[in-house]
Structures are given as C-alpha cells and as structure tokens.
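Fold and geometry: a report
One-letter residues, chain by chain:
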Amino acid sequence: MSDPISNSNDQISYETTERSLPILPVRDTVLFPHAVLPLTVGRESSVQLINSLGEDKTIVVVAQREARVDSPQPTDLYAIGTLAVVHKVVKMPNQSLFVFAEGLERVRLADFAQLSPFMRARVTTIPEVIPPKDSEVEALQRNVLTLFQQIVAGSPTLSDELSTVAMNIEEPGRLVDFIASSLPSLSTADKQETLETTDVRVRLEKINQHLAKELEVQQLRNKIQSEVQDRVQQTQREYYLREQMKAIQKELGEQDEGQRDTEELKQKIESAGMPDEVKKEALKELGRLVRMSPMAADYSVTRNYIEWLAVLPWAKTSGGEIEIPKAKEILDTDHYDLQKVKDRILDYLSVRRLKPSMKGPILCFVGPPGVGKTSLGKSIARALGRKFVRLSLGGVHDEAEIRGHRRTYIGALPGQIIQGIRRAETKDPVFMLDEIDKVGRDFRGDPASALLEALDPEQNASFRDNYLDVTFDLSKVLFITTANMLDPIAEPLRDRMEIIELQGYTEEEKIHISFQYLVPRQIEENGITKEQIEFPEESVSYIIRHYTREAGVRNLERTIGTICRKQARRLAEGKSEKLVVTKEIVQEFLGGIKVRSEGEIAERTKRAGVVVGLAWTPSGGDVLFVEANQMKGKGGLTITGQIQDVMRESMQAALSWVRSNAKLLSIDEEFFANHDIHIHVPAGAIPKDGPSAGVTIVTALVSLLSGKQVRPLTAMTGEITLSGNVLPVGGIKEKVLAAKRAGVHDVILPADNKTNVEEDLTPEQLVGLTAHYVKTIDEVLEFALPTTPREEQQDAEEREKVLST
C-alpha cells in the first residue's frame, strides 16, 4: 500500500447518518479525512466490493491490525476507520484494481451486517472535539507547521510542495491529519492512534512530539552522511594527488615509496637462497602485491608473508668446523661429569667431520630437576659454535603454537619452530624444546602430535608450516628435548628421540660442582669477593647432607646464595673481616638441621617391623620407610599411606609368602588367625605405587613377627614373587644415590640389577656403600636381620654409636 500522495483542499460537505456501508480492509496504511490515497486492490473480496459499487461510491476504509492476515475478520480490523468516496478505478493486467479514494470523515464501526463476499457494517460518524481558538492552540499549530517545514526542507524524499500545502491549511485538526498522512516515518500504529484521537488539541500535542523526534533523527542522519561524504571526498582527493605525484615522479625518473619497497623485497628474495619452488611462490605473491592497492585489506597480509619468506635463513649455516679437543674442553668447562651426554655430542661432531651432509640427531635429556639439562643445551651450542634457541613447551595446548596459523586468520603468524629459526638466523641452530613431558592437549589440538613431523629425521627435511605453506628443511637442526619423566610423552614421539638419562649427583659430585661453579657464581651475584668469604669443604659437605636432599643442585645453590647474602649484609653493617663458613655459622645463618640422614634411619629402625626401602621419584631417588604393626583381631590386613593398586598387591603377596613360610620362619601358624596386621608407608599425603617395595614389605613383616630389629643403616629394593624369588627393578642409580645421601651403608639389590650398578655408577659413587645382590627372599632376610644374639648385640652398639654422633 502507498502513503497518501496528495490532499484535497476542497471542502466537501457530506451528511451522514447511521447506515450500512461496505468495508474495505487495507494493510500497512491509514486513510485520513481530506486526503486522497491510491490503493491497489488485489484480494478477491475487495475486488468484488469495488465492482459492486453503483452510483453511490461511498465506502469505509479500515486498517488491519496485522498486515499478514489475508482474509481478515471483524476482529482483525481497527474499530475506527475513514468514510471515503471512490473517484477513479483502473483495471490492471493482473486482474487487480488501482483505486483512488478520498477520505471524508472519521467513523466508528458498529454491527457487521454481512461478511461475504465482502464485509458490510453499520457505521456512525465521530464528531471532532474542536478547541477554542486560544493562544496555546495557535502556538502549537505554528510549532507543528514549522517543524514539518524543517523536516520537508531537510528530507531528500519529501516534495517541497507539501510545505506550501500545509501553510494553506487553517484548521488545526485538518493540518494534523495532512501531516500524519504525509510523514513516511510514522508507523501504521501511530497513524491509527492519530486517526482515533478526536480531541484536536491532544492530536496537535502528539504530532508535535513525533515531529520533534523525526527532526532530531533527520539532523543526526544528515550529520553522519555529511561526515561520510567528507571522508569519501578526502580519499578521492588523496587518490587524485597520489596519481599526480606518480605522474610527476615518472616524468622526473624517480621511484615512489611503493616501488622502492617492491624492489627491496625482490632483492631480498633473490639473495635469500630459497629453493626454486619457494622462490617461485615468493615472486608470485610479490606480483600480486605490486598489482594491489596499499589501501586494500590484504596488502599488509601479503607483504608480511613475503617478508617472512625473505628473512628466513634458507641457505645460511653456522659455518666453520669445530675441533674435537676444543669442543670437549668447552663441555668439561661448563659441566662436571655427565659423561654419556658429552660422549654422544663428541661422537656426533666426529661423524659430521667425516660426513658433512649428515642429519642432526634428536636427543632427549631425561632426569630430575636441577641436574643441568637446560644449561647443557647452551653448552652444546657453544661447543658446536652454533646459535642456541630455546622453546619452553610447558603448558602449551595449541597445535598452532608449533605449526602456525593459516594466513586467512587475522594476526596469523608462523609456529614457534619457524620463529625460532628466524631468531637464530641460521638453518642449523641447537634448538632446545624444554619440558616436552608437560605438553598439554585440548580442543585446540595436540601439540605433541604436531611435533612428530619436526622431530622425525626422515620427515623434517620437508617441514611445512601452516602459515608459510612451503617446505622448510629442518634436517640440519640439532633438536634437544628435556623431560623429568618419560611416561607422559606419547609413544610415537618417544620413539623418534634418542633418550639420554641424566641421573642425580652424589655428595662428592655436588662438592666438585659447588667449588667449580656454584660458590664462584653466588659470590659474584651477591656483590662480594673471594677474599671476603671462604667455604671449607667440610662445611659444603655439611650443607649438602643436612640442608638439601635432592638429585640436582638448585636448592644447594640457593642455600649457598643465602649464606653469601648474610655476609653481604654483615659487610654493609661495617663488619669487614673475612667470613669462614663453619658448621656453627651454617646453623646460625640457615637454622637447625633440615634433613637428618643417618640418625633418622638408625632411630626409626630401633623398633622391630620398620624397614628402609628405596623409591624412584621424578626429582631423583628417595628412601622410603615401611612400618608394620600387629594387634588382636581375626586375621585382617590394613594398608594405609595412599598406597596405589600395584603396591597394594605387593603387600598382599608379601603377607601370603610370610604365611606360607611361617613354619620355616619360626612363626606360630595360629598367630594369623587371632591377630590383625597393619602396614603403613609414610608420608601419608604422597601417593605411592610400584612393585619395587616387595622385599621391604616382606622384611618388615618378618621383623615384626620375629621381634628382630633390622640391621641399622640398611636399605633395600626389589620385586618379589609368591615362590620367593627377587626380580629386578628400575631406577637403580637414583635409588643407590638416594641411599648414599641418606647415610645408608648396606644396600640390598636384585642380582639381575648388578649390571646396572656396574654401568651407571662409578667406583667413587659407591665409596662407603656395600651392595648385596640377592636372588631369593631367604637371602634378603639373611642380610637384613640378625641371626644370632651376638649379631643383635653388634647391631645395637652400631645403632647407639650413630645416634650418639
């Protein structure tokens, strides 16, 4: 339906009484009195209504409440409509009619006389409430007229004739009707509300509010349009000037900035030493860039991509060969011991001298914290004369961190591997992937799986980053990964790496490391000199034994740093004498002993049923106390100390072996029916698992039930079977070193682990420690428990001696 397009200024007098008239429903429009409205009549019922009109062309035009209703009923129509006369009917080709109807006056619909083929209803005229001509009404009328004229003047769609017509209307009610019918922004509901308002003063106030709002919206729209127009004009002006400048530069034989950039990028591409395939891709993208406007959205994306291709070290290597003796000297200077790792690096260097085209190995350093895995990577890079790049994988969850994002994403970048190669500026750096066992995985992908390609010597010669989308050769890179544990690393990834285990340090090794690296570094970092502080060997040994129990040396370095800071404070307070760090000074600065080693083991094993076991942890080895107790009961077994399934089954197997061999062990067979046994493994807050405590549990049970105390300063490890055999276990080096740190003198190990001791431990590491190799539980008990009263007396004397010192 269309809005009214004209107004009849002729005064039509029309006498109406209550009578029955045909009803023409219309959608999305309202016909006002004294307005001519063109209507398109297409519904069959409406066409029949127009065709049925004879000499009397009078109808009632009523707006529908819902425009979507195709066959409106009386309830779908508003109660108030407009009496109208049909002036002209034009038949259209599609069988619809084009009708010109002029509104006469407001009418109210009463009873409907018929509903088909079209609606007919009784209607009554609604008289207007005309206010007295006072100054307030006149002011309202003038204000409405002024606002309407301003809107017409500022609108590109409204004809200027509307202002002239409005000025010639004197009656306020008729003026409101004309304005309401002429405003396209007024909704059908608002127009109907205006039609239903008979009080002319109220109608003036309502249309005044609508006009004020419309004028404000129009002014804001014009302001926005003006700003946009200004910006467009400015852009066009800049474009015109830029084109003029290009023409001038062309005449002068100069290049503009864009051309200079293009030439620079082309030179970079030519000198980058790219493979032919990559160079072809780079020149193709450069061609696109030249044809692209700098204002284009893709311009910066394409330019960044070309720059990334141009700056990568496609053919740049670290250069000269390193002499083997010099490399060995650098490795020995930076790190004490770690012989296996040093040998592997020197082997790699030797092979590389014979075969320069060899692929870089992929090494994985596994060991407890603080043994020097990360610093060893830097040392290797220095020994090889290469750049060092480190990437921490701890907590990385997104696969795109490794392989990069595709260029379609906003802010896309290559992955961390390509970024690291760019930082190194050579294609053969030492690339350390730190904490590879702590890689996460979630809905963004699995970074560990993305590493499979980079860490495979057969595949990484054609590594394809998502951002670059061309292959890059990583085969010359020496990848070194570090981990505390192998278990979290996926099996396919573990299979691609050469595992090199870095075990914990012994007390003697820590003393060497302290004097060679830690003490000089801490003295320098805390601003004091060697002449102002002295660390005797026995003091460092005392610190290692009683203030740190760890596989690495981090806590040891922190503790030495604490003592250096105390001396720095003394110097700042004016005490300038040299400090010799004695045991008394250590206790004064660090407090009481934190770790009791020999004394703790001797004291806790005074009671029968307590035995020292050995455990492997991610931070190295540690000692483990197993305690057994008995009480009256019905043969139950209680297990506490956060014991996991495998260790729980070891305890049940140990009890079964003891019960089945009770007679041989001189234990009353009726004992188990009348007593309960409780096995506890402190500390209770730490989960424990694994089969290696089997021999410890059996010894604890036999010690408890026979009443014999285990020999002092003795520890053991080994898996048991129900037939009484002792099976080999893992982590032997860590466990033996943990036993030595704790002050153990005798360690009982499975016979099959003898080769591990001989290969992994040096004679210096075994000084003061006696290893007993066993094949059966009987041999374990023979070593661990005294067999004669004389041996018991000797054990008691040794225990007292340890406790007294």
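Just so you know, these numbers come straight off a predicted model, no measurement behind them. (Residues numbered from 1 in each chain as written. Predicted model: local features only at pLDDT ≥ 70, side-chain atom pairs only at ≥ 80, totals over all residues. Heavy atoms only, no water.)

**A closer look at the overall build of the chain**
Note the cut-off: The secondary structure listing takes helices from DSSP runs of H or I that are at least 4 residues long and strands from runs of E that are at least 2 residues long, numbered from the N terminus. For the radius of gyration, the atom set is restricted to C-alpha positions; the globular benchmark scales as 2.2 Å times the number of residues to the power 0.38. Relative accessibility decides the category of a residue: with a 1.4 Å probe and only protein chains considered, values under 20% of the type maximum give buried, values over 50% give exposed, and everything between is partly exposed. Residue contacts are counted whenever heavy atoms from the two residues lie within 4.5 Å of one another. Throughout, the Shrake-Rupley method with a 1.4 Å probe supplies accessible areas, and for residues the shown protein chains are the sole cover considered. As used throughout, the charge tally considers Lys and Arg to be positive and Asp and Glu to be negative, leaving His and the chain termini uncounted. One atom stands in for each charge, and that atom is NZ of Lys, CZ of Arg, CG of Asp or CD of Glu.
Helices and strands together make up the secondary structure of the chain, namely 28 helices and 25 strands. A compact globule built from 805 residues would reach a C-alpha radius of gyration of about 28 Å, whereas the chain, at 48 Å, exceeds it by more than 25%. By principal-axis analysis of the C-alpha atoms, the chain measures approximately 140 × 95 × 65 Å. Expressed as a percentage of the 805 residues in the chain, the buried residues total 47%. Considering only residue pairs separated by 6 or more positions, the chain has 74% of its internal contacts joining residues 24 or more positions apart. As presented, the chain carries roughly 40500 Å² of accessible surface, and 49% of it is formed by carbon and sulfur atoms. When the 101 basic and 121 acidic side-chain charges of the chain are each reduced to a single mean position, those positions are 2 Å apart.

**Re the pairing of strand β8 (residues 362-366)**
This is how it is decided: Here, a strand pair is defined by DSSP locating no fewer than two bridges between the strands.
Extensive coverage of β8 is indicated by the burial of five of its five residues. Burial along β8 is two-sided: I362, C364 and V366 and L363 and F365, pointing in opposite directions, are all buried. Relative to strand β14 (residues 498-501), β8 runs parallel, the two being bridged by four bridges. In the strand pairing of β14, L363 is matched with E498.

**Digging into the packing of helix α22 (residues 645-660) against helix α24 (residues 694-706)**
Inclusion rule: Axis definition: a line fitted to C-alpha atoms, limited for helices to the stretch in contact. Angles are taken between N-to-C directions and run from 0 to 180 degrees. Should an angle lie under 35 degrees it is considered roughly parallel, over 145 roughly antiparallel, and from 65 to 115 roughly perpendicular; all remaining angles are considered oblique. Less than a right angle of anticlockwise turn of the near helix away from the far helix marks a crossing as left-handed, whereas a clockwise turn marks it as right-handed.
Axis separation between α22 and α24 bottoms out at 9 Å; the angle between their running directions is 45°. It follows from the interaxial angle that α22 and α24 lie oblique. Here the hand of the crossing between α22 and α24 comes out right-handed. In contact with S650, M651, A654, L655, W657 and V658 of α22, α24 contributes G694, I697, V698, L701, V702 and L705.

**Thoughts on the pattern of salt bridges**
Put simply, the rule reads: Think of a salt bridge as a Lys or Arg side-chain nitrogen and an Asp or Glu carboxyl oxygen that are within 4 Å of each other.
Counted by the stated rule, this structure contains 31 salt bridges. Residue D434 pairs with R390 through a salt bridge whose shortest N-O separation is 2.9 Å. You can see D434 sitting in strand β10 (residues 430-434) and its partner R390 sitting in strand β9 (residues 388-392), a full 44 residues away along the chain. Owing to a relative accessible area of 41%, R390 belongs among the partly exposed residues under this scheme. In this structure, R521 engages E557 in a salt bridge whose closest nitrogen and oxygen atoms are separated by 2.9 Å. With R521 in helix α17 (residues 507-525) and E557 in helix α19 (residues 554-572), this pair connects stretches of sequence that are 36 residues apart. One network of salt bridges, in which partners are shared, links R106, E128, D177 and R203.

**As for the packing of aromatic side chains**
Defined as follows: A pair of aromatic rings is counted whenever rings of Phe, Tyr or Trp (Trp by its six-membered ring) have centres within 6.5 Å, and the orientation is called stacked for planes under 30 degrees apart, edge-to-face for over 60 and tilted otherwise. Note on criteria: charge over ring means Lys NZ or Arg CZ within 6 Å of the ring centre, with the direction from the centre no more than 35 degrees off the ring normal.
Within the structure shown, the criterion is met by seven aromatic pairs. With a centroid separation of 5.7 Å and 85° between ring planes, the pair formed by F671 and F672 is classed as edge-to-face. Classification of F671 by relative accessible area gives buried; the value is 14%. We note R407 situated over the ring of Y305; from NZ or CZ to the ring centre the distance is 3.7 Å.

**Focus on the side chain of S514**
This is how it is decided: By the criterion applied in these results, polar contacts are pairs of N or O atoms within 3.5 Å in which, for protein atoms, one can donate a hydrogen and the other can accept it, and in which residues neighboring in sequence qualify only through two side-chain atoms.
Position of S514 relative to the elements: it lies in helix α17. A polar side-chain atom of S514 sits 2.7 Å from the main-chain carbonyl oxygen of K510. Residues contacting S514, with those up to four places away along its chain left out, are V519, P520, V540, L556 and I560.

**Details of a nonpolar patch on the surface**
How we decide: Nonpolar side chains (Val, Leu, Ile, Met, Phe, Trp, Tyr) are joined into patches within 5 Å and like charges within 9 Å, using only residues with over 30% relative accessible area and no salt bridge.
Together, L220, I224, V228 and V232 make up a nonpolar patch on the protein surface, roughly 330 Å² of accessible area in all. Position of L220 relative to the elements: it lies in helix α6 (residues 200-252).

**As for the sheet that holds β8**
The five strands are arranged β9-β10-β13-β8-β14 in an open sheet whose pairing can be described as parallel. At either end of the open sheet lies a strand with only one pairing partner, and these are β9 and β14. Within this sheet the neighbouring strands show an average axis-to-axis angle of 20°, counted without direction. Across five bridges, β8 lies against strand β13 (residues 478-483) in parallel orientation. Residue pairing across strands places I362 opposite F479, the latter belonging to β13. On the sheet, helix α12 (residues 373-384) packs against β8, β9, β10 and β13 and is oriented at approximately 175° with respect to β10.

**Observations concerning the nonpolar core**
Put simply, the rule reads: Remark: nonpolar core denotes a set of buried residues (Ala, Val, Leu, Ile, Met, Phe, Trp, Tyr, Cys) joined through side-chain atoms within 4.5 Å.
Core analysis: the biggest nonpolar cluster contains 63 residues, and I23, I59, V60, F148, I179, I207 and L211 have the highest contact counts within it. In contact with F148, not counting residues within four places along its chain, are L162, A166, F178, I179, S182, L183 and L211.

**As for the pairing of strand β6 (residues 97-114)**
The side chains of a regular strand alternate between the sheet's two faces. Relative to β6, strand β3 (residues 35-41) runs antiparallel, the two sharing six bridges. Residue pairing across strands places L37 opposite A101, the latter belonging to β6. Taken together, the eleven bridges between strand β5 (residues 80-91) and β6 define a ladder with antiparallel strand orientation. Of the residues in β6, the one forming a bridge with K88 is F100. Remark: five residues form the turn of the hairpin made by β5 and β6, two consecutive strands paired antiparallel; Q95 in that turn has positive phi of roughly 75°. With five bridges connecting them, β6 and strand β7 (residues 120-125) associate as antiparallel partners. Looking across to β7, one finds that R108 is bridged to T124.

**Re the environment of E401**
As for its placement among the helices and strands, E401 is situated in helix α13 (residues 400-403). A residue is classified by how much of its surface remains accessible, and E401, at 35% relative accessible area, is partly exposed. The spatial distance from the C-alpha of E401 to the C-alpha of P414 is 8.2 Å, given a sequence separation of 13 residues. Not counting the four nearest positions on each side in its chain, E401 is found in contact with V396, G415 and Q416.

**As for the confidence of the model for the chain**
The cut-off we apply is this: Known as pLDDT, the predictor's confidence for each residue is given on a scale from 0 to 100.
On average, residues of the chain carry a pLDDT of 83, and 95% of them reach 70 or more. The secondary-structure element of the chain with the lowest mean pLDDT is strand β1 (residues 6-7), recorded at 40, while strand β24 (residues 746-750) shows the highest, at 92. When the criterion is pLDDT under 50, residues 1-16 qualifies, and its contacts beyond four places in sequence or with other chains add up to 49 contacts.

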